[in-house]
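# Observations on chain architecture
Okay, here's what each chain looks like letter by letter:
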Amino acid sequence: MMRRIKEFFIEKTLLATALLTVLVTIGIIAVLSVEAFNFFKEVSVWEFLTDTQWTPLFTDKHFGILPLLSGTLLTSFIAIAFAVPVGLSISIYISEYAPRSFRKTIKPVLELLAAVPTVVYGFFALTVVTPFLQGFIPGLSGFNSLSAGLVMGIMIIPFISSLSEDALHAVPNSLREAAYGMGSTRLQNAFKVMVPAASSGIIVSIILAISRAIGETMIVAIAAGQQPRLTLDPTVPVETITAYIVQVSLGDVQHGSLEYRTIFAAGITLFIFTFILNTISYRIRKKFQEKYE
Amino acid sequence: MESEQIDTAREDSPAKKKNMIKAEGVKVWYDDFMAIKGIDMKIRTNRVTAFIGPSGCGKSTFLRLFNRMNDYVEGFRMEGNIRIQGNNIYSEKINIEQLRKEVGMVFQKPNPFPKSVFENVAYGLRIQGIKDKQYLQDKVEASLKQVALWDEVKDGLNKSALALSGGQQQRLCIARTLAVEPEVILMDEPTSALDPISTSKIEELLYELKENYTIVIVTHNMQQASRVSDSTAFFYMGELVEYDKTKKIFTNPEKKQTENYITGRFG
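The residue numbers shown here count from 1 along each chain, following its written sequence. Working convention: letters from A go to chains and numbers from 1 go to ligands, in the order in which they are written. The predicted nature of this model means local features are confined to residues of pLDDT at least 70 and side-chain atom pairs, given and counted, to a pLDDT of 80 or more, with totals for whole chains, interfaces and linings taken over all residues. The side-chain figures draw on all heavy atoms in the structure; neither hydrogens nor water molecules are used.

## As for the overall build of chain A
Keep this limit in mind: Elements are defined by DSSP. Helices are runs of H or I of four residues or more, strands are runs of E of two residues or more, and each kind is numbered from the N terminus. Buried residues are those whose accessible area, probed at 1.4 Å on protein chains only, stays under 20% of the maximum for their type, while exposed residues exceed 50% and partly exposed ones sit between those limits. Note on contacts: a residue pair is in contact if any heavy atoms of the two residues lie within 4.5 Å. Under the convention used here, a 1.4 Å probe and the Shrake-Rupley method define accessible areas, while residue burial counts only the protein chains that appear. The charged-residue count follows a simple rule in which Lys and Arg add positive charge and Asp and Glu add negative charge, with His and chain termini not counted at all. Where a charge lies is defined by one atom per residue type: Lys uses NZ, Arg uses CZ, Asp uses CG and Glu uses CD.
Looking only at helices and strands, chain A has 12 helices and zero strands in total. Projecting the C-alpha coordinates of chain A onto the three principal axes gives extents of approximately 75 × 70 × 35 Å. Burial statistics for chain A: of 293 residues in total, 46% are counted as buried. Looking at chain A alone, contacts between residues at least 24 apart form 71% of all its contacts between residues at least 6 apart. Split by element, the accessible area of chain A, about 15200 Å² in all, is 70% carbon and sulfur. A distance of 13 Å separates the average location of the 21 positive side-chain charges in chain A from that of its 19 negative side-chain charges.

The following block contains the structure:
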């Protein structure tokens, strides 16, 4: 009898924790939507999407998300352009070239990169990478999307290398034997057989990394500057959506004001982006699982 | 890897030699475990040679020496010589990729690449750098016809090879091997994952292929060995117990052990 009561409580507790996370998610979406809805009552969606200036804290107010969006996409693009080739090379090396003992030690070490607090990365970008790059690029501003993007790339390397390596490692060994048996070199085996066979897993890893880069806050807030600017120039200060949210949240904007609501409008834009990316990666992963079973 | 007496000189003979493969004093270890305990063997050109024996007897290990597939196994170590067409394949000078084009392999489980039917067969040619479309097309067609798969797949050459049945996949894997025109085809229990009809199709195929290829097949199936092979080698505990004409092995073996195995008394 005692045992059944105990089981009952355990079951309900587990159910409650599961429900809690669902409720929190729903709550966040609800708050975001309500505040964003209030924002869009005063600023039209059209203006929000087409205005090329974002100056909600100035007297001459403009509410165009494009400058923030371009800052976010620019830093993320730099990060991805750096992290994908490096991360993929690492994963291919570990899975197809390195001895097994090396794999066991290097993977946890690489994953440590993801454990470094992002604020540390931010200061690394600002105080090490930017001065270093200024040695090569004379016009490089003290705050810029280039060094923020590069350091963000370093941060997301383990996402790509680790998940891609898992995908490569999961390719049945029989395919490796087939490739070598046909007279493939290691390089041919890696690029003509292994990478195509693991492609869905590799794509998922890249999408998750993009999603992580778009949502990253501290590095860009510290190193990329806080000037909303519609530009593709990586050497000048920009502001990302996340950095803007930090800026306003820390400032003394009045609760409930239009300025205050801009962070929810920015937030929901960000949410839509990462939501779409996560959905795509979920779809690909599902397809991938079906293929190998 | 230890290979004594490095000697890459071909034995001089203009036509194809009588013996395609010669193994001399071959010993293999996996770490401390001795898997092959000293085997000498000659394998005839354009014949089907079957390796039989209970699991763990070393027959697969021995087969995989011929295209150096054991090189990837950790702890693998070998002594002795293996010559294919007179070339010591464990010589430092040997080009392993080239060796594997000469000595193709078909595995236990069909393992087509996750590519189209066409690309599977063209793979070996493509990695050799062949880009001529017409040549590739002709070669793919010829190889698929050789394994009697052409009629079944000619309308779906661009479909994924993974959509084929197990038996079709295995014939595709054989076609893929044939496309690069090897001298030797190694088969490691090629029908153990297949149904009886697919199995008999592959056995028929072996009969045709031996006109042009030297085939070595590992099998657990006694009937298969007696049906398809010209010579049979019985392995036990890392040793070659008996090696003779298949007819002799199955009707009048010299050794008691062989007789016990083929009559199903152990193994």
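## What about a nonpolar patch on the surface?
Residue and element names in this part refer to chain A. The line we're drawing: To count toward a patch, a residue needs a relative accessible area above 30% and no salt bridge. Like charges then connect within 9 Å, nonpolar side chains (Val, Leu, Ile, Met, Phe, Trp, Tyr) within 5 Å. Salt bridges are defined by distance alone: a side-chain nitrogen of Lys or Arg within 4 Å of a carboxyl oxygen of Asp or Glu.
A cluster of nonpolar side chains, contributed by Ile-29, Phe-271, Ile-272, Phe-275, Ile-276 and Ile-280, occupies part of the molecular surface with about 510 Å² of accessible area. Looking at the nonpolar patch, the element that brings in the most residues is helix α12 (residues 258-291), giving five residues. With respect to the element layout, Ile-276 can be found in helix α12.

## Thoughts on unusual backbone geometry
Residue and element names in this part refer to chain B. In this model, Arg-68 sits at a positive phi of 60°, which is unusual for a non-glycine residue. Position of Arg-68 relative to the elements: it lies in the loop between α1 (59-65) and β4 (76-84). Its identity as a non-glycine residue notwithstanding, Met-237 has a phi of 50°, on the positive side. You can see Met-237 is positioned in the loop between β9 (231-236) and β10 (239-245).

## Things to note about the nonpolar core
This is how the line gets drawn: Here, the term nonpolar core denotes a set of buried Ala, Val, Leu, Ile, Met, Phe, Trp, Tyr and Cys residues that are joined through side-chain atoms within 4.5 Å.
Residues A:Ile156, B:Phe113, B:Leu144, B:Leu172, B:Ile174, B:Met187 and B:Ile215 are the most contacted members of the largest nonpolar core, which totals 87 residues. If you tally residues by element for this core, the top one is helix α6 (residues 145-170) of chain A, at 10 residues. The residues contacting B:Ile215, other than those within four sequence positions of it, are B:Arg47, B:Val48, B:Thr49, B:Ile185, B:Met187, B:Leu206, B:Leu209 and B:Lys210. Counting 35 residues, the second-largest nonpolar core is a separate cluster that includes B:Met69, B:Ile89, B:Val184 and B:Val218.

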